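Chain residues, written in single-letter form:
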Amino acid sequence: MESKKKEKGFFEKIFGRRNARCIKKEVDPMHALMPIMWPDRADNEACISETVDLTNVKKYLEKKNADNPDYKYNLYQVIVTAMLKTVLLRPRLNYFIANQLMYERDYVSTAFTVKRRFADDASEGLAVVKAKEDETIDDIHNYLYHQITKERDESNFNTTTESARIFSLLPGWLLRFVGIFLRLFDRLGWLPNALIEADPYQNTFVVSNIGSIGLNAGFHHLTNWGTTSLFLIIGEMYKKPYYNEDGSVEFRDAVDLNLTIDERIADGYYYSKSIRLLMKILQNPELLDRPLGEEVDYQ
């Protein structure tokens, strides 16, 4: 007999409970102890820097954009989709530590902010993309198009901006008092769903394309707030010299990717293999036309 799905109670409808499951008993003893020895995420950040030769990506984008769609495929979409595929195939990248316990998130998601106008006084909106194993870059392309278009329409209500505005109107003493409880609720996983949905730091990874504003790739710090344990920074495209087999030098388009990770989540070997997979995908972007959950031979 098929069991009926249990309906969420009143408390579960209001509070998010992190949308993750605790996996303390499933991790090896060393990684189970690390959150006890080093409880704060911001004290355990490590940085990884990679440079991507964009020769194959440019050819791939030319082919995808041959029909000149209204919203063209671009480098940002390729990198974001490649990162989503990497996380789906390397599930420990979707772990996080909260209240000294290891959790596995129920979904893979990325968050990024959208500048509504390129002006100093322009507000920012939050966009979130959740990936599924049967999706391809075409699905992510459509999600990004709708999210960015929506957030750049200043007539639309922006939950993140409005939430911040409401909190900023509180008296200083009350704001500090509320802050104490919010930090406690965040630690215990009791934040309201409405706040979780408006917070970029409640996702698998946060991505920032600072190359779009003319900056070289930097590194983003981890935060003790929220659950995000992975940040990806995309720098500005530039020309880089590469040596050919005959010893000649060729200048090719390249981009730097900088990642900040929580080193308590996995060991260096696991992260090394994950980066190898990411680079394999970016050197063979046609893999993104296949389902994101489809395995890739990168050994």
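Residues numbered from 1 in each chain as written. Predicted model: local features only at pLDDT ≥ 70, side-chain atom pairs only at ≥ 80, totals over all residues. Heavy atoms only, no water.

Peer 1: Provide a residue-level description of the overall build of the chain, including the pertinent values.
Peer 2: Along its length, the chain carries 9 helices and 10 strands. When the 299 residues of the chain are sorted by exposure, 43% land in the buried category. Partitioning the intrachain contacts of the chain with sequence separation of at least 6 by distance along the chain shows that 71% fall at a separation of at least 24. Of the roughly 16,800 Å² of accessible surface on the chain, 54% is carried by carbon and sulfur atoms. (Helix = DSSP H or I, 4+ residues; strand = E, 2+ residues; numbered from the N terminus. Buried < 20%, exposed > 50% of the residue type's maximum accessible area, 1.4 Å probe, protein only. Contact = heavy atoms within 4.5 Å. Areas by Shrake-Rupley, 256 points an atom, 1.4 Å probe, with all protein chains shown as cover.)

Peer 1: Quick rundown of the packing of aromatic side chains? Include the residues and the values.
Peer 2: Across all of its chains, the model carries 7 aromatic pairs by this definition. With a centroid separation of 6.3 Å and 65° between ring planes, the pair formed by Phe-181 and Phe-185 is classed as edge-to-face. Remark: Phe-185 and Phe-181 occur in helix H7 (residues 172-188); sequence separation between them is 4 residues, near one turn of the helix. By the ring-pair criterion, three or more aromatic residues cluster together here, those being Phe-177, Phe-181, Phe-185 and Trp-190. Arg-90 extends its terminal NZ or CZ atom over the ring of Tyr-270, reaching a point 3.8 Å from the ring centre. Sitting over the ring of Tyr-107, Lys-130 keeps its end group 4.1 Å from the ring centre. (Phe/Tyr/Trp six-rings, centres within 6.5 Å; stacked < 30°, edge-to-face > 60°. Lys NZ or Arg CZ within 6 Å of the ring centre and 35° of its normal.)

Peer 1: Quick rundown of the pattern of salt bridges? Include the residues and the values.
Peer 2: A full pass over the atoms with the stated rule returns 10 salt bridges. In this structure, Arg-252 and Glu-250 form a salt bridge, with 3.5 Å as the shortest nitrogen-oxygen distance. The class for Arg-252 is buried, based on a relative accessible area of 18%. When the shortest N-O distance is used, the salt bridge between Arg-264 and Asp-262 registers 2.8 Å. The same class applies to Arg-264 and to Asp-262, which are both buried. Each of Arg-21, Glu-26 and Glu-104 takes part in a single network of salt bridges with overlapping partners. (Salt bridge = Lys/Arg side-chain N within 4 Å of Asp/Glu carboxyl O.)

Peer 1: Describe the environment of Tyr-298, listing the residues and the values that go with them.
Peer 2: Checked against the element boundaries, Tyr-298 lands in the segment after helix H9 (268-283). Between the C-alpha atoms of Tyr-298 and Ile-281, which are 17 residues apart in sequence, the distance is 8.8 Å. Every residue in contact with Tyr-298, bar those within four places of it in the chain, is listed here: Arg-90, Lys-273, Arg-276, Leu-277 and Lys-280. Side-chain polar atoms of Tyr-298 contact the side chain of Arg-90, separated by 3.3 Å. (Polar contact = N/O pair within 3.5 Å; in protein donor to acceptor, adjacent residues only side chain to side chain.)

Peer 1: Please provide a residue-by-residue account of the packing of helix H4 (residues 75-89) against H9, values included.
Peer 2: Running from N to C, H4 and H9 point in directions that differ by 140°, and their axes come no closer than 9 Å. It follows from the interaxial angle that H4 and H9 lie oblique. In this structure, H4 meets H9 at a crossing whose hand is right-handed. Along its contact with H4, which presents Val-78, Ile-79, Ala-82, Met-83, Lys-85, Thr-86 and Leu-89, the element H9 presents Ser-274, Leu-277, Leu-278, Ile-281 and Leu-282. Partitioned by chemical class, the residues of the contact of H4 with H9 number 9 nonpolar, 2 polar and 1 charged. (Axes fitted to C-alpha atoms, helices over the stretch in contact; angles between N-to-C directions. Parallel < 35°, antiparallel > 145°, perpendicular 65-115°, else oblique. Left-handed = near helix turned anticlockwise from the far one by under 90°. Nonpolar A, V, L, I, M, F, W, Y, C, P; charged D, E, K, R; others polar.)

Peer 1: How would you explain the sheet that holds strand E3 (residues 95-98) if you had to name every residue and give the values?
Peer 2: The pairing of strands in a sheet comes from backbone hydrogen bonds and takes either a parallel or an antiparallel form. In space, the 3 strands of this open sheet follow the order E1-E4-E3, with antiparallel pairing throughout. The open sheet has two edge strands with one neighbour each: strand E1 (20-22) and E3. Strand-to-strand twist in this sheet, taken as the mean axis angle between neighbours without regard to direction, amounts to 35°. Pairing analysis gives 3 bridges linking E1 to strand E4 (residues 101-105), with the strands arranged antiparallel. Paired with Arg-21 across the two strands is Glu-104, which belongs to E4. (Pairing = 2+ DSSP bridges.)

Peer 1: So what's going on with H4? Residues and values would help.
Peer 2: End to end, H4 covers 21 Å across 15 residues, agreeing with the expected 21 Å (1.5 Å per residue, within 8%). Burial analysis of H4 places 15 of its 15 residues in the buried class, which makes it a mostly covered element. (Expected span 1.5 Å × (residues − 1).)

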